[in-house]
Structures are given as C-alpha cells and as structure tokens.
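Analysis of the macromolecular model
The lines below spell out each chain.
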Amino acid sequence: MLDKALKILNDYWGYSSFRPVQEQIIKAVLQKKDTIALLPTGGGKSLCFQIPALYFEGVCIVVSPLIALMEDQVQNLTDKGIKACTIPSGSSQNDLITLFDNIRFGNYKFLYLSPERLQSKFIQEKIKQLNVSIIAIDEAHCISEWGHDFRPSYRNIRTLKNIHPEAPIIALTATATPKVIKDISDVLSIDNASIYKQSFYRDNLAYQVFYTEDKLYRLVQIFTKTKAPAIVYVNSRKKTKDISAYLNAKGFKSTYYHGGLSSVEKKVAFNQWFSEETPIIVATNAFGMGIDKPNVKVVVHLYLPSSMENYIQEAGRGGRNGEKAFSVVLTNKSDIELTRELQTTSLPTLKDIKTVHQKLYQHFQIAKGEYIESSFDFNTLAFCNKYNFSPNKAHTVLQILINNGIIQLENTFNQRSTVQFLVAPYQLKNNKIIQVIMRLYGGVFDQETKIDEFLIAKKLNCTSWSIIEELERLATNETIIYKKATNNSQLYFLFPREDDKTINRISKDLNTFLSQKKQKTKDLLFFIENDTICRSQQLLHYFGENSSLKCGQCDVCLKEKKSNIEEKHIISLLEKHITLSSREICELLHTKEENILILLRLLLSEEKITLNSFNKYTLI
C-alpha cells in the first residue's frame, strides 16, 4: 500500500520519501480512517489527501474557503497532468450539469468547492452521483467558533458525510488549539478520528520581539547584517510600497506585494523575490498562499500581526530548509496602544453589521424583497466614502457577511487588460511595443483584445511597468484604447433584501465571533508584552503543547544569557579600537564566539552598538 503511495509521490512530485507525520496521516487515510491533521505552515498538508486520492478510484472532494487558494491548487495539479477542477463563479444550471458529467466520465480526481456551494440542493444531488473517494476539508479551523477564522458555512460540511458515508474524512489545518480540534471532531461527527499533530517547535527559528522607536533604522541594521531572502510584513498596502522604496534608497534590493496589485504585478513581484533578483519583499498578509521558498532567513513584522495563529504561520515561512532563521517583531508602546485602540474602532458591533449590510442594498438600489442573481461592480473605498464608513470597520463587516454566506465578493484582479488600436498600422510602425502586440495578438485593429503585459515585457526584455506606462501614454493620445486590469470586485447578493431579519438569524454566531476577535487580540498582546517566559514556550503553550525546554535563542532567553556575560568588556574594546569584527572581539577577550555573538545581538537590539558596511561593530 505504502509502496504504491511512494511511487505516486515520486512520479508526480519528485520526492522519494514522506515526512514522518505526513506518512502516518497518509497511512490512516489509505486505511479509510477519518483523520484530523494538524501540520504547521510548510508541513505538506495537501499531499496528505492528494496522494491517497490518486491511489483510490473516484474523485476527492476538497472543501476550501478561498477561491484563490482553490484555483492555485487546481492549477498546480493540472500542471502535473492530474485532472482537477473547481466550480466557476456564476455557473448556470446547464454549466453545472456539463461540469459534473465531465467529472463523472472524464476521470477527474479532484473537485474543489467552497462550503457555501454545498448549501445548494442541486449541487448536493450532483455530488450523490459521483464516486467519492475522500472528503478533504482544508483550513478546518474555520469549522470552530473558537478558531481564528470561523465560517458558519463550514459547520454544514457534514452534509457530505451524509451523502457519502463510506468516504473517509480528512480535516486539515495549520493552526488549531485543543479546543478547536475537539470542536472539529464534534461538528463533523468523527469522534473516533485519528488525530495527528506535528509539533509547533522549530529549533532553527528564533522568535524575537524588540522594542524600538526607530523601526526603519532597525530594519536597515537587520539587512546590513543579513544578506539573504527575507519577508517584511506591514499592515497596509501603501506601506508595502513606501517601505520597499525606503529600502531601495538605502541600497537594498526589494519589491512589494499586496492584494490590490493586478495579476501581472503580483507575478512580477513574486518572481523577482523568488529568483532573488530582489531578495527582500515587503508585503501585507495577502502574501502567504503557496509561499514555499526554503531559504528565507528573516521574517520581519514591522507592525503587530493580527493574531497568534497568523503570527506563527507568517513567522513559519522562515527557515524551511532547516537552517537558522529569525522571526523579528519590531514594536513599541505606541504600537501596542494602537492595537488596543484599533480593536475598538475597527471591530464592529451588531448594529454596525446591520447598517453596512443595509447600505449595500441601498448602494445598488435594490428594493426590499428583491433578489438579483447577477453580480455588481463593487469598489470598497468608493462605498465607504459614499456612506462615511471607516474602511477598516467596513472591510471587517464585508468579511463577516462573506463568511456567513450573505454576500459573495470576488476579486477580478486576474482579469486581463485589453487593447484596441484606433489608427492605421503604418502610423504605429516605429513603436516596438505595438509591433510586438501585433505579432502576438490578432484582431487588435477590429476589437478589444486581451493582452498580457508581462509576456510583452519578456519579449522586449524590459519591465511590465514600462509597458503599462507606454500603453497608458498611447491611450491618452487616443492612439489606442487601453483598459488596464481592474482592481474592482464583483459582488453577489445571496439572499433577497430583508435588512435586519437576515442579520438577526445569525446574531448568536456573530456575537460569538466578535467576542472571540477581542480575545485573540488579548492573547497576542499578552505574548508580545510577556518578556519573562521563553517565546517558544509561550507559543507551544498557546497551541496546547507543554514544554519545559527553553529555546535559548529568543529575545527572552538571550536576555537571561546576557546576565552571565560582562558587556562592559566589549564596550571597553570598542572604545579603544573603534571598530571590530565578532572574530576580533573573541580573540581579544579569549571567549567562545557563541557567547560573544549572543551578547552582540542583544547590544544591537538595545541600540548600544551598530554594524557598519564592513560588517564590523562600533559604538553608537
């Protein structure tokens, strides 16, 4: 059984062995046991159901909360020659009939769908007709009211088990407390499930929280010392661009990434970072899905993460190759107070949710009792400006409405730009970009034609930004019509307009969600402010692991070690010699380099010394 699974692994993924916990999980699923798998970020969760699905006859149904995540996994499987699909937005009943016929008779191995899709009786009937091998539930923490991203629609997934009781369930998550795991088991009615957990302990990852009033100075210090791939997480789209520009001005190579970029822009930014053309990427937490770069050395949080669960996932992107890596949180008292304040200003009340919900219908002039199936072009910022809503609070409300299956909001960032030429070909013959477009795309003189700025840039060996800039110039001159890929979203209303009645039906769930949000912030701040217990121990305790072993490398442990070393000797040496390397300090003090490096790191964090461009230490 396992030999065949290993052959599948090698044939499609090129690996010769499973990771230890991964192997146990796959064995359990192959034995058709219901399974709950808790694997931290980068633990290879997807393979735990993908390998058994290729082993068994039939189709594996994968429930996932994010359209982008589903599309990404479908594309990855398709690229390997494995038949996989998802249900496209706006599919008509005839489209669905065709899709499910293709799955039944076309040897499809995977069907990805959102939990909201399972509410459809028609889709339930079509699933009944399938030979279902496995039911895989990704991001299973969404099932639990105690999870950090509760989705009420997830609690109806047990419908799949009722339809196909013979199919084993595998519920997967990267972040779950013991309370969440129990809730997953109870809601899915899989009390006898095999539960597998990989420890959150990372012996190669140092969790460090440093207080500083000058974060940008500290950032420069970090990247002066560390010449390796890095991620800098910030809390707004504007800051990704600003911080990246600052780092570039200081001589570092960086790019930026956020959810508002077009698909072309995202692809360029990711590829530049992954290839290490720009080793540093400054990003919002939109930069996360599918990030599997093994040699990330430093993950910096320039602002506080939103929860312990988010923090451990984002920090966990460092050091996946097993080599030493650092998770650095730069903070100060103002940050902490702002986080507490933002919880008050951005976390909505039940009344706020009702108001935003009602104004959405009003915004699109939908009458009470009216139900419209088609989508609406939606710009969140314009909506907030129109009704004077706080963007933070409105965004939270929209996410709540999405998670509760009241609306559907789909980004159209992956839509392609279009071009149509308005003048005769001979008038454009001297423009290299136009010549390439004419060679690549037919019909540009007759109709609006989809183009890919990234492909055009590749052909001309230049950046996509310069292509976009030139096309916008030509459009201004009325030489062409150029419609750049939009940043708007498509909004679907999933219910007729009933205003307060819709929200009242789920008020209990909403109140639970809001109270949990408050608790998540308290837990995070407790972790940040607690500088007496080893960071690794705190994280393990939060996720239900008890450890008496201190990591020896977090800021708390380093502070303890410092007390055994005299810093005055280093200060005295630097006063005398002005600049010294760590090796020179060790030789002069006849001390182990390991101890000196610990102290130097702490003196850097306390801003008593600095590292110059020659990688030598000097007093500030």
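The coordinates are above.
The present account deals with the structure reproduced in this document. What you are looking at is a predicted structure, and each value in this text was computed from that prediction instead of being measured. (Residues numbered from 1 in each chain as written. Predicted model: local features only at pLDDT ≥ 70, side-chain atom pairs only at ≥ 80, totals over all residues. Heavy atoms only, no water.)

On to unusual backbone geometry, then. Although it is not a glycine, Lys32 sits at a positive phi angle of roughly 60 degrees. A positive phi angle, close to 60 degrees, is found at Glu478, a residue other than glycine.

This paragraph deals with the sheet that holds strand β21 (residues 609-611). Strand order in this open sheet of three strands is β20-β22-β21, and the pairing throughout is antiparallel. Taken across any chain shown, the strands that pair with only one partner, and hence form the sheet edges, are β20 (579-580) and β21. With three bridges connecting them, β21 and strand β22 (residues 617-619) associate as antiparallel partners. Considered in β22, the bridge of Leu611 is made with Tyr617. The strands touched by helix α9 (residues 215-225) are β21 and β22; relative to β21, the strand with the most contacts, the crossing angle is about 50 degrees. This element, helix α24 (residues 567-577), spans β20, β21 and β22 of the sheet and lies at about 90 degrees to β22. (Pairing = 2+ DSSP bridges. Helix = DSSP H or I, 4+ residues; strand = E, 2+ residues; numbered from the N terminus. Contact = heavy atoms within 4.5 Å. Axes fitted to C-alpha atoms, helices over the stretch in contact; angles between N-to-C directions.)

Tallied over the entire structure, the rule returns 20 salt bridges. A salt bridge links Asp186 to Lys182; its shortest N-O distance comes to 2.8 Å. With Asp186 and Lys182 both in helix α8 (residues 178-188) and four residues apart, the pair spans about one turn of that helix. In this structure Asp186 comes out as partly exposed when scored by relative accessible area, which is 37%. On the accessibility criterion, Lys182 (52% relative accessible area) is exposed. Taken together, the shared-partner salt bridges in this structure form one network comprising Glu337, Arg340 and Glu529. (Salt bridge = Lys/Arg side-chain N within 4 Å of Asp/Glu carboxyl O. Buried < 20%, exposed > 50% of the residue type's maximum accessible area, 1.4 Å probe, protein only.)

As a further point, take the side chain of Gln272. If you trace the backbone, Gln272 turns up in helix α11 (residues 263-274). Here Gln272 is in contact with Thr255, Glu277 and Thr278, once residues within four sequence places are set aside.

Take a probe with the size of a water molecule and roll it over the atoms, and the empty space left behind shows itself. Throughout the structure, instances matching the rule amount to three cavities of 30 Å³ or more. Lining the largest cavity, in full, are Pro40, Thr41, Ala174, Phe200, Arg202, Leu205, Tyr207, Ile312 and Gly316. Its volume calculated, the second largest cavity comes out at about 50 Å³. In terms of lining, the second largest cavity is formed by Phe150, Pro152, Ile400, Asn403, Asn404, Asp509, Leu510 and Phe513. Elements that contribute at least two residues to the lining of the second largest cavity include exactly α16 (391-403) and α21 (507-529). Here the lining of the second largest cavity gets three residues from one element, more than from any other, and that element is α21. In the lining of the second largest cavity, the residues fall into five nonpolar, two polar and one charged. (1 Å grid on protein atoms, 1.4 Å probe; cavity = no way out; pocket = protein on both sides within 12 Å on 5 of 7 lines; lining within 4 Å. Points joined across faces, edges and corners; volume = space filled by probe spheres on them. Nonpolar A, V, L, I, M, F, W, Y, C, P; charged D, E, K, R; others polar.)

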